[in-house]
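Inside the fold
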Amino acid sequence: MKAHTKDTQAAITPQIALQLLKEGNQRFQEKHMADRDLLDQVNDTKSGQFPFATILSCIDSRVSSELIFDQGIGDIFSARVAGNFVNEDILGSMEFACKLAGTKLVLVLGHTACGAVKGACDDAKLGNLTAY
Ligand SMILES: [Zn+2]
């Protein structure tokens, strides 16, 4: 499986992008991950990247977007922060991903048993995590 090119990215609509993620998650759940050589994809993307989706997710070690959506190098922008919330830095990254790099879909991915969400609900205080 090759990395996306400018032409393959241009052919993807938001609906197709969502479908690609759903199909990738189905492959993950069925343990039928796509056959791809990640080092080949590194080489494919050495002069440019054409990801089709931007995913905002938690830093939780159990929820890696690339893995659970069975995506390769150059397929998605992955923004991660505890509790998968948006601040100006992340929003700026999303603006870059959509306006300049051409992704077609923004997906905000939550997960069960999120320690960050539980901490926020419990009004936990912790150094820089709750500095504001
Ligand atoms: Zn979490």
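These notes cover the structure that comes with them. The structure displayed is predicted, hence computed values, not measured ones.

Looking now at the nonpolar core. Nonpolar side chains tend toward joint burial in soluble globular proteins. Among the nonpolar cores identified, the biggest contains 13 residues, and Leu21, Phe52, Ile55, Phe69 and Leu109 are the most heavily contacted of them. In terms of residues, this core owes the most to one element, strand 3 (residues 105–109), which gives three residues. Grouped together as the second largest cluster of nonpolar side chains are five residues, Leu56, Ala79, Val81 and Ile90 included.

Turning to the coordination of the zinc ion, a few remarks are in order. Coordination of the zinc ion by the protein is provided by Cys58 (SG), His111 (NE2) and Cys114 (SG), with metal-donor distances spanning 2.1 to 2.2 Å. We note that the donor set of the zinc ion lies within a single chain, spaced as C-x52-H-x2-C. On the criterion of sequence distance, the pair formed by Cys58 in the loop between strand 1 (53–57) and helix 4 (65–68) and Cys114 in the loop between strand 3 and helix 6 (115–121) is long-range, its members being 56 residues apart.

In this section: the sheet that holds strand 1. Two strands in a sheet stick together by hydrogen bonds in their backbones, pointing the same way (parallel) or opposite ways (antiparallel). Read from one edge of the open sheet, three strands run 2-1-3, paired in parallel fashion. The sheet is open, and its two edges are formed by strand 2 (76–80) and strand 3, each paired on a single side. Neighbour-to-neighbour, the strand axes of this sheet turn through a mean angle of 20°, independent of strand direction. As judged from the five bridges shared by strand 1 and strand 3, these two strands associate in the parallel manner.

Here His4 is to be found in the segment before helix 1 (6–10). Leaving out residues up to four positions away in the same chain, His4 has contacts with Gln9, Ile12, Phe50, Phe52 and Asp75.

This next bit is on the state of the cysteines. As enumerated under the stated definition, the model contains zero disulfides in all. Here Cys121 is not cross-linked by a disulfide; its sulfur's nearest cysteine counterpart is in Cys114, at 9.3 Å. For Cys121, a relative accessible area of 63% translates into the label exposed.

Of the voids in this model, the largest pocket is the one considered here, and its volume is about 450 Å³. The element that contributes the greatest number of residues to the lining of the largest pocket is helix 6, accounting for four residues. Of the residues in the lining of the largest pocket, the class split is 10 nonpolar, six polar and three charged. Volume-wise, the second largest pocket comes out at about 180 Å³. Along the wall of the second largest pocket there are 14 residues; nearest its centre are Met1, His4, Leu20, Gln71 and Asp75. It is helix 2 (residues 14–29) that contributes the most residues to the lining of the second largest pocket, three residues altogether.

Definitions and limits used
- Residues numbered from 1 in each chain as written.
- Predicted model: local features only at pLDDT ≥ 70, side-chain atom pairs only at ≥ 80, totals over all residues.
- Heavy atoms only, no water.
- Core = buried A, V, L, I, M, F, W, Y, C linked by side-chain atoms within 4.5 Å.
- Buried < 20%, exposed > 50% of the residue type's maximum accessible area, 1.4 Å probe, protein only.
- Helix = DSSP H or I, 4+ residues; strand = E, 2+ residues; numbered from the N terminus.
- Donors = N, O, S within 2.8 Å, 3.2 Å for Na, K, Ca; no water.
- Pairing = 2+ DSSP bridges.
- Axes fitted to C-alpha atoms, helices over the stretch in contact; angles between N-to-C directions.
- Contact = heavy atoms within 4.5 Å.
- Disulfide = S-S within 2.5 Å.
- 1 Å grid on protein atoms, 1.4 Å probe; cavity = no way out; pocket = protein on both sides within 12 Å on 5 of 7 lines; lining within 4 Å.
- Points joined across faces, edges and corners; volume = space filled by probe spheres on them.
- Nonpolar A, V, L, I, M, F, W, Y, C, P; charged D, E, K, R; others polar.

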